[in-house]
Amino acid sequence: MGSDPQYAKYPLLPLSQHIFTITNPSSSKSNQQSSLKSLQDAITEHKMAPLYRYLAHPSEGILNAAGESSSYSTKPTGRKPSAAGMVASKNSIPKVDLPWDESLYEKLKKENDEELEGYKKEEEEAAEKAGDMEVQAARGKRAEFWARVGDKDRAIAAYEEVFEKTGVLGTKIDLVLAIIRVGLFYGDKLLVKKHVDRAKALVESGGDWDRRNRLKAYQGLYLLTTRSYDLAAPLLLDSLSTFTSYELCSYSSLVVYAVLAGSVSLKRVDFKSKVVDAPEIKAILGDGEDKLLALSGAISAGPGADQEMKDVSSAVPGGAKTAVNLTTLGSDQPEAEVAIDFSPLAELVGSLYTGSYRSFFSALAAVEVNFLSQDRYLYEHRGWFVREMRLRAYQQLLQSYRVVGLESMANDFGVSVDFLDRDLAKFIAAERIPCTIDRVTGKGIIETNRPDSKNKQYNDVVKQGDQLITKLQKYGQAVRLRGSERA
């Protein structure tokens, strides 16, 4: 087992969700007011002068659509490009405002300067009277200070300085994970990708078990933001049984991400074993006996679960539920998570697997409203996710039949014939569903075209062969051209 994680407290990623909520047109006014208060309280408590300026400054703040000086400004409407990863959309205008208070900003800035001066003195004294470890500790405090107050560039530079001066592998991994969180806070996907790859290389060179598991959650969340749900699903689902990265997201959020990624990307057999029957997910989405078995440890919930699940009968709530991390019960936990109603998610999973397509469409709409439209990592891909889930349901039904009546299928899904006709037509045109629709003969017939596997393989070989011949011809022309130039 490696050393305890370092540099894991800042930046405070829940604040980025609050910033997103303020600008999210799908959020209720009450949620936006609550997020605004939480953001203001955090800015004051943690003396976040740089973040306050970045968000609320009259002429430079990303949340300032018009600004106090709008009558004198020629600034075009819309968000700054740097804000793209933090707000709901480029042109979204918050229903609530984060007011700019010059006196508050000056007060916070003065306190920041005084605190920074203290770290500088501490580092100088450590260099004179102590050793390298004390100097590194002072530099680490300064790096965490910049991450805490919300200065992206200075935080990254300070973390890199500490990274260059340390030789401990575990500490280096923790520093890179801290930089990844800074990138996630500001929605900088390129920065996150670069340092996820960097962290993977460090972990592969000898990282301990705990940091390997923490990196799974980081990598899975990054892949989720880039719409690589098929790659994110196994990482997020594996993280459920070993999750300790509460600095990254809550366990409730991890459950949501893992279930959604698995639902849209896993094959039916894997979907059954890793989502529908997974004990970590049953403990949250299950009902009655399944939930009790998972919570009591009768169904294994990962390494060490059987030893730790001695008495959790009191952990079965009613109504809205709080996700329970089965592998960390009995250890120190972060503060209690906000209760979440997982019922739409449970209905989505159950109805998809059992083929209750009318319930599935209703559950999919509820998931879009309650989860996809409210989470900063899911919001950007909500339209794609809903479309892919509809496609998955269509494919699942059609693969069982050679011919299906259009009206019958529309009744199964609880939609109109015209809607189903238009929706299927898009997928058929994109060659996502191998079938044809015949509406000339009456009410409409859907006939599936299941390609023969051998013919498909033959056609693939011919197609790939044509591409290879084309490349060889181009290569041959290039070689002849170079030979003529030499002559």
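From a predicted model like this one, the values you see are computed outputs, not experimental measurements.

Undergrad: What's the story with the overall build of the protein in this structure? I'm lost.
TA: Of regular secondary structure, the protein possesses 21 helices and three strands. Classification of the 487 residues of the protein by burial places 45% in the buried group.

Undergrad: Help me understand the packing of helix H11 (residues 251-265) against helix H18 (residues 382-398) in this model?
TA: For any two helices packed against each other, one specifies the inter-axial angle together with the distance between the axes. Orientation of H11 relative to H18, taken along the N-to-C sense of each, is 45°, at an axis distance of 9 Å. Taken together, H11 and H18 sit at an angle that is classed as oblique. Seen from above, H11 lies across H18 with left-handed handedness. When H11 is examined against H18, the residues Leu260, Gly262, Ser263, Val264 and Ser265 are found in contact with a partner set consisting of Trp384, Phe385, Glu388, Met389 and Arg392. Here the residues of the contact of H11 with H18 are counted per class, giving five nonpolar, three polar and two charged.

Undergrad: Is there a simple way to think about the packing of helix H1 (residues 13-23) against helix H7 (residues 169-186) in this case?
TA: Two elements in contact, H1 and H7, have axes whose closest approach is 9 Å; the angle formed by their N-to-C orientations is 10°. Here H7 runs roughly parallel to H1, going by the angle between their axes. On H7, the residues touching Leu13, Leu15, Ser16 and Ile19 of H1 are Arg181, Leu184 and Phe185. Residue composition of the contact of H1 with H7, grouped by class: five nonpolar, one polar and one charged.

Undergrad: Can you walk me through the pattern of salt bridges in this structure?
TA: Opposite charge on two side chains lets them pair, provided their charged atoms get close. The full count for this structure, using the stated rule, is 24 salt bridges. A salt bridge links aspartate 113 to lysine 109, with the nearest nitrogen and oxygen atoms 3.8 Å apart. With aspartate 113 and lysine 109 both in helix H4 (residues 102-129), this residue pair falls four residues apart, about one helical turn. Taking relative accessible area as the criterion, lysine 109 reaches 36% and is therefore assigned partly exposed. The salt bridge partner of glutamate 380 is lysine 189, with a shortest N-O separation of 2.9 Å. Of the two residues, glutamate 380 sits in the loop between helix H17 (357-372) and H18 while lysine 189 sits in helix H8 (residues 189-204), which places them 191 residues apart along the sequence. Exposure remark for lysine 189: the relative accessible area of 30% places this residue in the partly exposed category. Sharing partners across several salt bridges, the network here consists of Asp174, Asp208, Arg211, Arg214 and Glu247.

Undergrad: What is the right way to look at the sheet that holds strand S2 (residues 435-438) in this model?
TA: Backbone hydrogen bonds are what pair the strands of a sheet, in a parallel or an antiparallel way. Taken together, three strands build an open sheet; the order of strands is S1-S3-S2 and the sheet is antiparallel. Strands with a single pairing partner mark the edges of an open sheet, and in this sheet they are strand S1 (403-405) and S2. Going across the sheet, the axis of each strand differs from the next one's by a mean of 20°, ignoring polarity. Pairing of S1 with strand S3 (residues 445-448), which is carried by three bridges, proceeds in the antiparallel orientation. Bridging across to S3, glycine 405 finds its partner in isoleucine 445.

Undergrad: Any chance you could explain the environment of alanine 199 here in plain terms?
TA: When you line up the elements, alanine 199 lands in helix H8. Expressed as a C-alpha distance, the spacing of alanine 199 and leucine 215, which sit 16 residues apart in the sequence, is 7.5 Å. Ignoring any residue separated from it by four or fewer positions in sequence, one finds alanine 199 in contact with Val176, Leu177, Ile180 and Leu215.

What counts and what doesn't
- Residues numbered from 1 in each chain as written.
- Predicted model: local features only at pLDDT ≥ 70, side-chain atom pairs only at ≥ 80, totals over all residues.
- Heavy atoms only, no water.
- Helix = DSSP H or I, 4+ residues; strand = E, 2+ residues; numbered from the N terminus.
- Buried < 20%, exposed > 50% of the residue type's maximum accessible area, 1.4 Å probe, protein only.
- Axes fitted to C-alpha atoms, helices over the stretch in contact; angles between N-to-C directions.
- Parallel < 35°, antiparallel > 145°, perpendicular 65-115°, else oblique.
- Left-handed = near helix turned anticlockwise from the far one by under 90°.
- Contact = heavy atoms within 4.5 Å.
- Nonpolar A, V, L, I, M, F, W, Y, C, P; charged D, E, K, R; others polar.
- Salt bridge = Lys/Arg side-chain N within 4 Å of Asp/Glu carboxyl O.
- Pairing = 2+ DSSP bridges.

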